[in-house]
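Take a look at the letters that make up each chain.
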Amino acid sequence: MEKPWKCGDCGKGFRYPSMLEIHRRVHTGERPFTCSVCGKGFTQLPHLLTHQRLHTGERPFACSECGKDFSESSSLLMHWRVHTRERPFTCSVCGKGFSHSSTLLKHRQVHTGERPFTCTVCGKGFTRSSHLLTHQRVHTGERPFSCSVCGKSFSHSSSLHNHQRVHTGERPFTCSICGKGFPYSSTLLRHQQVHTAERPSPAPSAARASLTHPPCCGTSWCTPARTPSPAPSVARASPTHPASRSTSGSTRGNILLIDQKCA
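Predicted model, so just to flag it, every value in this text is computed and none were measured.

Visitor: What exactly am I supposed to notice about the environment of cysteine 35 here?
Guide: Along the chain, cysteine 35 falls in the loop between strand 3 (33-34) and strand 4 (41-42). Distance in space between the C-alpha atoms of cysteine 35 and glutamine 52 is 7.1 Å, their sequence separation being 17 residues. Non-local contacts of cysteine 35, meaning those with residues more than four positions away in its chain, are made with Lys40, Leu48, His51 and His55.

Printed below as a string of structure tokens:
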């Protein structure tokens, strides 16, 4: 379609003179539509009307699938991709798809290694400005997230969320083997070692004891046989001492009696 109305600054063509007039404000910096609340200026009236919803809280565009509402139709369109799983923005390096062009731009930094946001204190670089802001709290000591119960403060909102489980007793991480619950995933991982760890094998001394000590005959007064120890050297009784001979004979009789009972 013919676009006879040309911009004298950049040569861009338009079908209507009104569209050319709006476009020229890009070059002149003119912003004739001003917000009465904050004073921000806009080049077009629809942009001002959309901006004013920030102050009024109006969200006229609602998702028919989940009911979530938005202040801009473009935001609703991007949200709709959550349900349709549409990913029209594809990475030319790895082929991964994204639902938003801004997410694709951030992803590309994985391949380029670009870290455009640098800490002025230690020089560490980050791929996102939000990551830099969080990191700077290491240097400033700022802890903006406070617990409403005990007053303890944290530098990350996620740390506060985890801490609050101390007060609520919430245990969202459950062991699939015994059903025990834990407030943190790291605690669950340590607990699971109780189920997966190998039981220690018997000590070598205990194994040897079971081999050298066979079971007894089963009677209540019989004890397991033990490895015989070397007999002490005893002087042979003299034939001139009858008492010694009688004692030796009595001992042999006792041993014979015990053997007969065991048999």
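Visitor: What is the right way to read the pattern of salt bridges from this model?
Guide: If charged atoms from side chains of opposite charge come close, those side chains can pair. A complete count under the given rule lists one salt bridge for this structure. Across the pair arginine 24 and aspartate 9 runs a salt bridge, and its minimum N-O distance is 3.9 Å. Of this pair, arginine 24 sits in helix 1 (residues 17-28) while aspartate 9 sits in the loop between strand 1 (5-6) and strand 2 (13-14), and the two are 15 residues apart along the sequence.

Visitor: What am I meant to see in unusual backbone geometry here?
Guide: With glycine set apart, most residues show a phi of negative sign, and most peptide bonds adopt trans. Of note in this structure, arginine 85 is not a glycine but carries a positive phi near 60°. Summarising the element assignment, arginine 85 is placed in the loop between helix 3 (73-84) and strand 7 (89-90).

Visitor: Just checking my understanding: could you explain the side chain of histidine 51 for this structure?
Guide: Turning to its location among the elements, histidine 51 is positioned in helix 2 (residues 45-56). Relative accessible area serves as the criterion here: at 10%, histidine 51 is assigned to the buried category. When neighbours within four sequence positions are excluded, histidine 51 is seen to be in contact with Cys35, Cys38, Lys40 and Phe42.

Visitor: What is the right way to read a positive patch on the surface from this model?
Guide: A cluster of like positive charges, contributed by Lys3, Lys6, Lys12 and Arg15, occupies part of the molecular surface. Lysine 3 sits in the partly exposed class, given a relative accessible area of 43%.

About the thresholds
Residues numbered from 1 in each chain as written. Predicted model: local features only at pLDDT ≥ 70, side-chain atom pairs only at ≥ 80, totals over all residues. Heavy atoms only, no water. Helix = DSSP H or I, 4+ residues; strand = E, 2+ residues; numbered from the N terminus. Contact = heavy atoms within 4.5 Å. Salt bridge = Lys/Arg side-chain N within 4 Å of Asp/Glu carboxyl O. Buried < 20%, exposed > 50% of the residue type's maximum accessible area, 1.4 Å probe, protein only. Patch = residues over 30% accessible without salt bridge, like charges linked within 9 Å, V, L, I, M, F, W, Y side chains within 5 Å. Areas by Shrake-Rupley, 256 points an atom, 1.4 Å probe, with all protein chains shown as cover. Lys, Arg positive; Asp, Glu negative; His and termini not counted. Charge placed at Lys NZ, Arg CZ, Asp CG, Glu CD.

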